[in-house]
Amino acid sequence: MRSLGPLTLGQLADAPSPATRTDARVRDHAAAEERTRERKAIEPGAVVALIDESVLLFRRLRGVAAEVHGRGALSAGRRYLLKDLSRHGPRTVPQLARARSVTRQHVQALVNPLVERGYLELTDNPAHKRSPLVRLTASGRGSVEEMNRRETGLWKGLEPGVSAAELRTAATALRAVRYALEREAGKRTVY
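The following refers to the structure shown. (Residues numbered from 1 in each chain as written. Predicted model: local features only at pLDDT ≥ 70, side-chain atom pairs only at ≥ 80, totals over all residues. Heavy atoms only, no water.)

### Some thoughts on the pattern of salt bridges
Applying the stated rule across the entire model yields seven salt bridges. As a salt-bridge pair, Lys83 and Glu151 come within 2.3 Å of each other at their nearest N and O atoms. With a gap of 68 residues between them, Lys83 in helix H4 (residues 76-88) and Glu151 in helix H7 (residues 138-157) connect regions that are remote in the sequence. Taken as a pair, Lys83 and Glu151 share a single burial class, namely buried. Between Asp84 and Arg91 there is a salt bridge, with its nearest N and O atoms 2.4 Å apart. A relative accessible area of 5% places Asp84 in the buried class. One salt-bridge network, in which partners are shared between bridges, spans Glu146, Arg149 and Arg150. (Salt bridge = Lys/Arg side-chain N within 4 Å of Asp/Glu carboxyl O. Helix = DSSP H or I, 4+ residues; strand = E, 2+ residues; numbered from the N terminus. Buried < 20%, exposed > 50% of the residue type's maximum accessible area, 1.4 Å probe, protein only.)

Have a look at this one:
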């Protein structure tokens, strides 16, 4: 066979024609559009039911957290802040506020007492001279480890009656709704 650079005539004959590749792309695109339409066609009642259940779960979790962690110096907001810094590392107060969709002042009010008690420290931020990084101290890390230990004991004994795969699917659904709400936040007009 005569060579045409890197391809031979035989290889060219076996290659899909441009029309075949285009047809496959059109079919793939149509299938993707259909999946998108199916996702967008969610009935509002399903979203409302998910949100209502999420609110009820949040309220129940607050009660459980109070039982597990007590009602001491570490409020739910302070515990969440410590755990968040443990998971994601040092960040500035504005970064922490954006991640939680709250004001800088709210986060600063959580940070200050934790700094005073030695759970957190403020360190130089090479990216911004006036906005220090908030990070856990050894005491803060120990506190998070203790919280995690208590919670792990609770979760190990929990029998929700669903599989781990169903729990992961539920987490994915909640995340998708949260992302959709975040995308829409700037588009809404408040009446």
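Right, picking up where we left off after that structure.
### Overview of the environment of Arg79
For Arg79, the position within the fold is in helix H4. Residue classification places Arg79 among the buried positions, given a relative accessible area of 9%. Each C-alpha atom, one on Arg79 and one on Ser143, is 8.8 Å from the other, the two residues being 64 residues apart in sequence. Residues contacting Arg79, with those up to four places away along its chain left out, are Ala65, His69, Gly70, Leu74 and Met147. From its side chain, Arg79 meets the backbone oxygen of Leu74 in a polar contact 2.6 Å long. (Contact = heavy atoms within 4.5 Å. Polar contact = N/O pair within 3.5 Å; in protein donor to acceptor, adjacent residues only side chain to side chain.)

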